[in-house]
Amino acid sequence: MVSSRELAVFLSAAPSAGLLVIDLDAVRFNYRLLRGLLQGAACGGVVKADAYGLGAAKVVPVLAAEGCRHFFVAHLDEALALLPHLPDDATTYVLNGLTRNGAEEAARLVVAGKAVVPVLNSVDQLAVWRGKAAQSGRVLPAAVQVDTGMSRLGLPPENVKAVAGDADAFTGLDVHFVMSHLACADEPRNPASTGQLANFRTARALLAQHPALARSRSCFANSSGIFLGADYHFDLVRPGAALYGINPLPGGDNPLRGVASLFGRIIQTRWIPAGTHVGYGYTATATRPTRVATLSVGYADGWLRSLSGKGAVWLGDDRLPILGRVSMDSICVDATDIAEERLAPDTPVELIGIHQDVDDVADAAGTIGYEVLTSLGSRYRREYLGG
Ligand SMILES: *Cc1c(COP(=O)(O)O)cnc(C)c1O
């Protein structure tokens, strides 16, 4: 970790919203921990949304050095951005599949030798990709997603049945994986997961009857799914959140290491008498003489507006509650009980770190750690540790 002295120096020098420290050694630790839970399955890495906001260009080489060879993004554009950072033998899967224009580009990439593989989510996408294979005279790689319950992406059961019995369904395609996605894996006792597992097995068995898919492998579990046990691991798992320190077992102890630490700075402080209001809408009113500290981070920096009047930041071991609404570029906190000399302008305050992790902030905001991380925005200076 960076020392508080280093932090103070950094923040007084850097005219930014604050400092986002990303611990790549923690990413490595988390990847190893997840892989250690597997017996035989490979461990991929989900790096969509710029590695959940933490920087795919930095995270990917760390995962690759650990032997990760299966990367997942949502869009073809994200896969393109990753290409320079990937080892030659790695493959990037595009979870949202093909767009009408993207199919042409995806096929060009494959023909040019790039290992970019669409996840085909519908019979339409399947037909488009088959068409590209015929056009290019090449066998094109694919993954096929089946819908096992969440009604979001993938072939519904009736389509699975149809393609399993259609000799031409996969002509020209090399299907690496059949995959599906769990909706409730973060609730270990929720029977939805066992239901989805049964549906996945049924779909797998049907598809395995197709000669083109007899040897294709299976990919099912996200971060939380890994913790449901070996039945859920199949050939390849696809954790995202857990790599970045988000707790895959909400409510329980988090076995993973925090990756992101976030610091804002004090801009100014003032004393206000009881009865004085704070912030937009005058939603907070001082009930006693109050010292207000204004900080350099707002909702444009991912300090979500739903944290208005909720949650807190930390100055050393002291908790400073948020007063009033979160503004775009600043928040106000209650620093009444803090000694004057600790509140100088540019003093760093902890937003995410040892006193509150990303899940704590998410709880206060009424959301999930995923949204907090992917909302952090571009106005922080970033410091990458380790890697
Ligand atoms: C985002 C995503 C993942 C990763 O999920 P985590 O909960 O972050 O581990 C895996 N699979 C699919 C299809 C996804 O969309």
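Residues numbered from 1 in each chain as written. Predicted model: local features only at pLDDT ≥ 70, side-chain atom pairs only at ≥ 80, totals over all residues. Heavy atoms only, no water.

This paragraph deals with the overall build of the protein chain. For the protein chain, the count of helices and strands is twelve helices and 19 strands. If one aligns the C-alpha atoms of the protein chain with their principal axes, the spans along those axes are about 80 × 40 × 40 Å. Total accessible area computed for the protein chain in this model is approximately 16800 Å², and 50% of it derives from carbon and sulfur atoms. A distance of 3 Å separates the average location of the 34 positive side-chain charges in the protein chain from that of its 38 negative side-chain charges. (Helix = DSSP H or I, 4+ residues; strand = E, 2+ residues; numbered from the N terminus. Areas by Shrake-Rupley, 256 points an atom, 1.4 Å probe, with all protein chains shown as cover. Lys, Arg positive; Asp, Glu negative; His and termini not counted. Charge placed at Lys NZ, Arg CZ, Asp CG, Glu CD.)

Per the UniProt record, "modified residue: N6-(pyridoxal phosphate)lysine" (unreviewed entry) is found at Lys48. One can find Lys48 in helix α3 (residues 48-52). Accessibility expressed as a relative area gives 28% for Lys48, which makes it partly exposed. (UniProt positions renumbered as here; feature names shortened; annotations may be inferred. Buried < 20%, exposed > 50% of the residue type's maximum accessible area, 1.4 Å probe, protein only.)

This part covers helix α8 (residues 157-164). Of all the positions in α8, only Val160, Val163 and Ala164 are classed as buried. All buried residues of α8 fall inside an arc of 100° around its axis, so they share one side. Residues of α8 that are exposed and angled more than 90 degrees away from the buried face: Glu158 and Lys161. Buried residues along α8 sit in contact with α7 (123-136) and α9 (192-208). (Arc of directions from axis to C-beta. Contact = heavy atoms within 4.5 Å.)

This part is about the domain arrangement of the protein chain. Looking at the protein chain, the domain boundaries give domain 1 (24-244) and domain 2 (260-385). Once you take the C-alpha centre of each, domain 1 and domain 2 turn out to be 38 Å apart. Contact residues are listed per partner, giving ten residues for domain 1 and seven residues for domain 2. For the pair domain 1 and domain 2, the two sides together bury roughly 850 Å², of which 61% comes from carbon and sulfur. Among the residues of domain 1 in contact with domain 2, Leu24, Tyr52 and Leu54 are the three that bury the most area, contributing 50% of the side total. Put simply, domain 1 and domain 2 have zero salt bridges between them. Sorting the residues of the side of domain 1 that touches domain 2 by element identifies α2 (24-36) and α3 as the ones contributing at least two each. Taken together, the residues of the side of domain 1 that touches domain 2 sort by class into six nonpolar, two polar and two charged. (Domains from an automatic or database assignment. Buried area = accessible area lost by both parts, 1.4 Å probe. Salt bridge = Lys/Arg side-chain N within 4 Å of Asp/Glu carboxyl O. Nonpolar A, V, L, I, M, F, W, Y, C, P; charged D, E, K, R; others polar.)

With phi around 50°, Phe234 is a residue other than glycine that occupies positive phi space. One non-glycine residue, Asp346, lies in the positive phi region at around 80°. Positionally, Asp346 belongs in the loop between β17 (331-334) and β18 (348-352).

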